[in-house]
Amino acid sequence: MVYSSVRPARARLQRIVRTLAIAIAFLVGSGAGGGAQVVPPPPPGTDFVTVIAGEDYEASGFYRLFAGAGYRDLWTTPIRVPVADLAALGGGLTARRVGGGMTTRTLHLDGEDGRRYVLRSVDKVPADLIGELVGTPLEEVLQDQMSSFHPSGAVVVARLLEAVDVLHVTPTLVVVPDDPRLGEFREDFAGMLALFEERPDDGPGGTAGFAGARQVVQTDRLFEIMEEQAGQRIQTTEFLRSRLVDLLVGDRDRSMNNHLWAGIDQPDGGTLWRPIPRDRDQAFVQFDGVLKKLARYYDRRLVAFGSDYPNVFGLTRNAWDIDRTFLVSLSRAEWDATVAHVQARLDDDVIDEAVRRMPSAHHAVIGERLAEQIRARRDELQQASEELYRVVFESADVHLTDQDEVVTVRRIGDGSLEVLSEMDGETTFQRTFAPDETREVRLYLHGGDDVGQIVGGGPEDIQLRMIGGGGRDDFIDASGTRGVANLIYDGGDGTTISAGRGTRVHDETPQRKYSWGEAEGVLDWGTLTVPEPRFGYDEDRGLVLVAGVKFRRYGFLKDPYSRRLQVRAGYAFGSRQPIVDYRHFFRDSFLGTDVLLRARWSGLEVMNYYGLGNESTEAATTTFQKARYQSLVLSAGFSLGNGETRTLTLAPVLEVSRSDTTTTESFVGMTRPYGSGGFEKVGMQVDFLLDGRDVTGAPSRGYLVEGGGRLFPRIIDVEEVYGEVHATASGYLSPSGGNPTLAVRVGGKRLWGTYPFSDAAFLGGSGSVRGVREQRYAGDASAFGSAELRVKVARLWLWFPSDVGVFALGDMGRVFLAGEESDTWHRAFGGGIWVAPIRRTGTIQLSAAKTTAGEMRIYAGLGFAF
């Protein structure tokens, strides 16, 4: 008999829904989940059963093209699996508790032999991963993506770890029997296809346990021990061997929770900590398919196993906190020797043997190809390890302890930097960093009364940061450096600092919690690049499509980033005009201030011109009012704030504009207002932003205030000094439940002097009064106000859970012109619908607004108008 999942097969329509939803699913979260695989419990006394790990993962070729083939052929292949004998394993097992991570269901058991064991589901449970989405199509999408995981890959990895002398457990595929020993967990686990393995633990009463260890701890506890207690050492080369195997098998999920550490007592009274990698659910993970390839641009961790290595930064990202803390003591020679050792120990015979540990039916489907892929990756392991080396050493973190230590940093003539730490005459850390490998060294002294001294000379290619902690620290710079190559951070009482010419002192200890491991999830190293597509629609521009990319580089004490680059390029199909926008933001880069560079070329700014005045008339044809207009804006200035939600920027600005005056078939060509044709100007501008919204795309509470001003002197084409100020303020109010939301916006602009027509205070369009044609009115000043009442009507499962609502809008505004008498306020009313997916990211709205004069216009785009 062949056992399979009790979940019913899904209809073809649902397969199509999954295909459409998968793209959104991976932007929301990159994990996979599903129901634990349960088969009808085998009859008592059965030794082996034949099971199908995941019958529901069968899919057509078209579906696989988009959602990924993964390991569907393995999940749907019958395999012969032993039935776990709970009375014999471990001398007899007793179920104690349920555990597990975001996807795996785990049953913890005690053995009569004094050891602990676990049964870990091969298939997964999505409830902890997606919470409120249980029972929705998105759950089915995430469940389907379990097919990206190799159902028997864990048994392969165990043999590879054994070959390179890394502590590990040896999992076995079993079916859980319907046994009274399961106790209260019998109903949930009986019949489950699972991995059975020992759970590494220390022995009772301080006796030796797993691998002879008297202590087995998790990574977060090890961080504390390494900082607080003297005589602690990491078996670093063994940890590197473990991480090289992770690279080899493409296991991206090696976070703190996926490692235990065995403490081995040493003759000198210290403790040597050996890594125990565990939980191999994502070995050989295969995030393939068109949609996941697109999602990989947003999250590099969506790797795909193959003969070639994927992006190693994405593959190792989840383990950066451990890698950059524990591997930093290895020399280059030790690193290279360890890589060569792993390559030598993983010969073809070992790889073939490891792959044959899969069930024979799985080996028949994929065994030869998998072995070939592992061999190819082994041969290229040195190149892949170079990327991991860069992760560790480009910005090297060196952590001391809470004991009293003396650390000497020596600058060497070739630009290298040697770090030597001693405690009571014993060396606790020593390494030389090369300038072609390391940009900066961050030395964390932590607690204790420490001495930090800088000596030597030579090139200042490597930046040194010495960060004090608790206790009284003494810093001495005797290196004679001239540039700002040494930075000291310490605000402790009693701390003394003897600074040299090349030292900058910060008399405050960083407020971030710099501990052993990553600082509270805040990145201070590395980069992130994500695409930023946008779209919009209005009557004048037509459909506007924008492709963009945002790049961030992270740095020490530069929260949320040290540098941000945004580049966007788009095209308006209605006006047939392109737009290119470049912004480059550098944090704390010049005299403690931020620097913002910007370049923008566009033909979208001014498209309609009716002359000045609140009562200006309109020609018989709208094309007569259109102006062919392009502009180039260049600026470079200083900025205060955090670069995201609070900014104040002052910058010189150069603007070059061109408007077509060669034909009299347009209002601009006929009247040739000041500033038409070619016009160039240089001036100063100031911009500010205060953003207190709870959600950017669809806020329900908070505020947004932005504005600025510009001043242009009589230079180049400017005939008379002129300036302007402008501002917009928006507020959002909602009851405690967040529904409905009242959004209110007010804004305006004021000019002084004789200004070019393109800088007039314009009114009309989504930025001021909807329903009124874009830039319909122009004057010396403008004022406008808007209000929207946004009501969520329902939450629907449109491929993914979405808030769906309606909104009513009302806008009014006018322009002012010296010498014109007018009391007309232009008003418009309307409404629309909006759809906001989970977390209200990427809200889409469609609306219509009609003026009191009878004009009506349609608007659509990502996010509300304000």
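None of these values were measured; they are calculated from a predicted model. (Residues numbered from 1 in each chain as written. Predicted model: local features only at pLDDT ≥ 70, side-chain atom pairs only at ≥ 80, totals over all residues. Heavy atoms only, no water.)

Visitor: Would you take a moment to explain the overall build of the protein chain for this structure?
Guide: From N to C terminus, the protein chain includes 17 helices and 42 strands. Looking at the 866 residues of the protein chain, the share that counts as buried comes to 53%. For the protein chain, contacts bridging at least 24 residues in sequence account for 61% of all contacts bridging at least 6. Carbon and sulfur atoms make up 53% of the accessible area of the protein chain, which amounts to about 36000 Å² in all. (Helix = DSSP H or I, 4+ residues; strand = E, 2+ residues; numbered from the N terminus. Buried < 20%, exposed > 50% of the residue type's maximum accessible area, 1.4 Å probe, protein only. Contact = heavy atoms within 4.5 Å. Areas by Shrake-Rupley, 256 points an atom, 1.4 Å probe, with all protein chains shown as cover.)

Visitor: Help me understand the pairing of strand β5 (residues 106–111) in this model?
Guide: The side chains of a regular strand alternate, residue by residue, between the two faces of the sheet. Counting buried residues in β5 gives five out of six residues, a clear majority hidden from the surface. Pairing analysis gives six bridges linking strand β4 (residues 93–99) to β5, with the strands arranged antiparallel. Each residue of the ladder has a partner; that of valine 98, found in β5, is leucine 107. As paired strands, β5 and strand β6 (residues 116–121) are joined by five bridges and run antiparallel to one another. Residue pairing in the sheet places leucine 107 in a bridge with leucine 119 of β6. Between the end of β5 and the start of β6, which pair antiparallel, lie four residues, with glycine 114 showing a positive phi angle near 85°. (Pairing = 2+ DSSP bridges.)

Visitor: Is there a simple way to explain the side chain of glutamine 282 in this structure?
Guide: Position of glutamine 282 among the secondary structure elements: in the loop between β12 (271–277) and α10 (290–295). Classification of glutamine 282 by relative accessible area gives buried; the value is 10%. Among the polar contacts listed, one links the side chain of glutamine 282 to the side chain of arginine 252, at a separation of 2.5 Å. (Polar contact = N/O pair within 3.5 Å; in protein donor to acceptor, adjacent residues only side chain to side chain.)

Visitor: It is not clear to me how the nonpolar core should be interpreted in this structure. Could you clarify?
Guide: The biggest cluster of nonpolar side chains holds 94 residues, and the ones touching the most others in it are Leu247, Trp261, Phe284, Trp335, Phe433, Val441 and Leu443. With residues up to four places along the chain from it excluded, the contact list for phenylalanine 284 reads Tyr71, Ser148, His150, Gly153, Val156, Val157, Val249, Gly250, Phe305, Leu370 and Ile374. The next biggest cluster of nonpolar side chains, apart from the first, holds 18 residues, and it includes Val668, Phe679, Ala760 and Phe762. (Core = buried A, V, L, I, M, F, W, Y, C linked by side-chain atoms within 4.5 Å.)

Visitor: Got a minute to help me understand the packing of aromatic side chains in this structure?
Guide: Under the definition given, this model contains 28 aromatic pairs. Judged by centre distance (5.5 Å) and plane angle (50°), the rings of phenylalanine 223 and phenylalanine 326 are tilted. Of this pair, phenylalanine 223 sits in helix α8 (residues 219–228) while phenylalanine 326 sits in helix α12 (residues 320–326); the two residues are 103 residues apart in sequence, bridging distant segments of the chain. In this pair, the class of phenylalanine 223 matches that of phenylalanine 326, namely buried. Taken together, a centroid distance of 4.9 Å and an interplanar angle of 65° make the contact between tyrosine 609 and phenylalanine 757 edge-to-face. With tyrosine 609 in the loop between β29 (593–602) and β30 (629–641) and phenylalanine 757 in the loop between β35 (741–752) and β36 (761–763), this residue pair connects regions lying 148 residues apart in the sequence. The residue whose ring lies beneath arginine 105 is phenylalanine 189, and the NZ or CZ to ring-centre distance is 4.8 Å. One cation-aromatic arrangement involves arginine 776 over tyrosine 777; the distance from NZ or CZ to the ring centre is 4.4 Å. (Phe/Tyr/Trp six-rings, centres within 6.5 Å; stacked < 30°, edge-to-face > 60°. Lys NZ or Arg CZ within 6 Å of the ring centre and 35° of its normal.)

Visitor: Help me out: how do you make sense of unusual backbone geometry in this one?
Guide: Most peptide bonds are trans, and most residues other than glycine sit at a negative phi. A cis geometry characterises the amide bond from asparagine 739 onward to proline 740, with omega recorded as 0°. Considering the arrangement of structural elements, one finds proline 740 in the loop between β34 (722–733) and β35. Of note, the phi angle at alanine 211 is positive, near 55°, even though the residue is not glycine. With respect to the helices and strands, the residue alanine 211 is situated in the loop between β8 (193–199) and β9 (215–218). Alanine 211 sits in the partly exposed class, given a relative accessible area of 42%. Non-glycine residue glutamine 775 carries a positive phi angle of around 55°. Relative to the elements of secondary structure, glutamine 775 occurs in the loop between β36 and β37 (777–779). For glutamine 775, a relative accessible area of 6% gives the class buried.

Visitor: I tried to follow the packing of helix α9 (residues 236–249) against helix α13 (residues 332–345) on my own but got confused; where do I start?
Guide: When two helices pack together, their arrangement is given by the angle between the helix axes and by the axis-to-axis distance. Two elements in contact, α9 and α13, have axes separated by 10 Å at closest approach and are oriented at 50°. With respect to α13, the element α9 is oriented oblique. Here the hand of the crossing between α9 and α13 comes out right-handed. For the pair α9 and α13, the contacting residues are Thr237, Leu240, Arg241 and Leu244 in the first and Trp335, Thr338, Val339, His341 and Val342 in the second. (Axes fitted to C-alpha atoms, helices over the stretch in contact; angles between N-to-C directions. Parallel < 35°, antiparallel > 145°, perpendicular 65-115°, else oblique. Left-handed = near helix turned anticlockwise from the far one by under 90°.)

Visitor: Just checking my understanding: could you explain the pattern of salt bridges for this structure?
Guide: Opposite charge on two side chains allows them to pair when their charged atoms are near. According to the stated counting rule, one finds 62 salt bridges in the structure shown. Glutamate 386 is the salt-bridge partner of arginine 332, the closest N and O atoms lying 2.2 Å from each other. Placement of the pair is arginine 332 in helix α13 and glutamate 386 in helix α16 (residues 381–393), with a sequence separation of 54 residues. With relative accessibility at 28%, the residue glutamate 386 sits in the partly exposed group. Taking the shortest distance from any N to any O, the salt bridge between arginine 552 and glutamate 644 comes out at 3.4 Å. (Salt bridge = Lys/Arg side-chain N within 4 Å of Asp/Glu carboxyl O.)

Visitor: Would you explain the environment of isoleucine 476 in this entry?
Guide: Along the chain, isoleucine 476 falls in strand β20 (residues 474–477). Here the alpha-carbon distance between isoleucine 476 and threonine 503, two residues 27 residues apart in the chain, equals 9.9 Å. Beyond its immediate sequence surroundings of up to four residues, isoleucine 476 is in contact with Gly452, Gln453, Ile454 and Ser498.

Visitor: Would you take a moment to explain the environment of leucine 733 for this structure?
Guide: Its place among the elements puts leucine 733 in strand β34. Among the residues examined, leucine 733 registers a relative accessible area of 59% and is labelled exposed. Distance in space between the C-alpha atoms of leucine 733 and leucine 789 is 9.8 Å, their sequence separation being 56 residues. When near neighbours in sequence (up to four residues on either side) are disregarded, leucine 733 contacts Ser700, Pro740, Thr741 and Leu742.

Visitor: Even after reading the chapter, I still don't get the confidence of the model for the protein chain, so can you show me in this structure?
Guide: Per-residue confidence for the protein chain gives a mean pLDDT of 87; residues scoring 70 or more make up 89%. Counting interchain partners and residues more than four positions distant, the pLDDT-below-50 stretch residues 3–38 has 110 contacts. (pLDDT = per-residue confidence, 0-100.)

Visitor: Where do I start with α8 in this structure?
Guide: Three- or four-residue spacings in an α-helix give side chains the same orientation, since the helix completes a turn every 3.6 residues. The set of residues buried in α8 consists of Thr219, Leu222, Phe223, Ile225, Met226 and Glu227. The elements touched by buried residues of α8 are β9, β10 (232–234), β11 (259–265), β12 and α12.

Visitor: When you look at the pairing of β34 in this model, what are you seeing that I'm missing?
Guide: Note: strand β33 (residues 702–712) against β34, 11 bridges, orientation antiparallel. Looking at β34, one finds that glycine 709 is bridged to valine 725. Bridge analysis of β34 against β35 gives 11 bridges, and the strand direction is antiparallel. Each residue of the ladder has a partner; that of alanine 727, found in β35, is glycine 748.

Visitor: Help me out: how do you make sense of the packing of α13 against α16 in this one?
Guide: Put simply, α13 and α16 touch, their axes get as near as 11 Å, and they point 145° apart. Between α13 and α16 lies a crossing of right-handed hand. Residue-level inspection shows Arg332, Trp335, Asp336, Val339, Val342 and Gln343 of α13 in contact with α16, the latter providing Leu381, Gln382, Ser385, Glu386, Leu388, Tyr389, Val392 and Phe393. A class-by-class count of the residues in the contact of α13 with α16 yields eight nonpolar, three polar and three charged. (Nonpolar A, V, L, I, M, F, W, Y, C, P; charged D, E, K, R; others polar.)

Visitor: Even after reading the chapter, I still don't get the sheet that holds β4, so can you show me in this structure?
Guide: Sheet strands associate in pairs through backbone hydrogen bonding, adopting either a parallel or an antiparallel arrangement. Strand order in the open sheet formed by five strands is β4-β5-β6-β8-β7, and the pairing between neighbours is antiparallel. A single partner strand is all that each edge strand has here, and the edge strands are β4 and β7 (172–175). Neighbour-to-neighbour, the strand axes of this sheet turn through a mean angle of 35°, independent of strand direction. Of the strand pairs in this sheet, β6 and β8 are connected by six bridges, and their pairing is antiparallel. Residue arginine 120 lies in a different strand from β8, and its bridge partner there is leucine 195.

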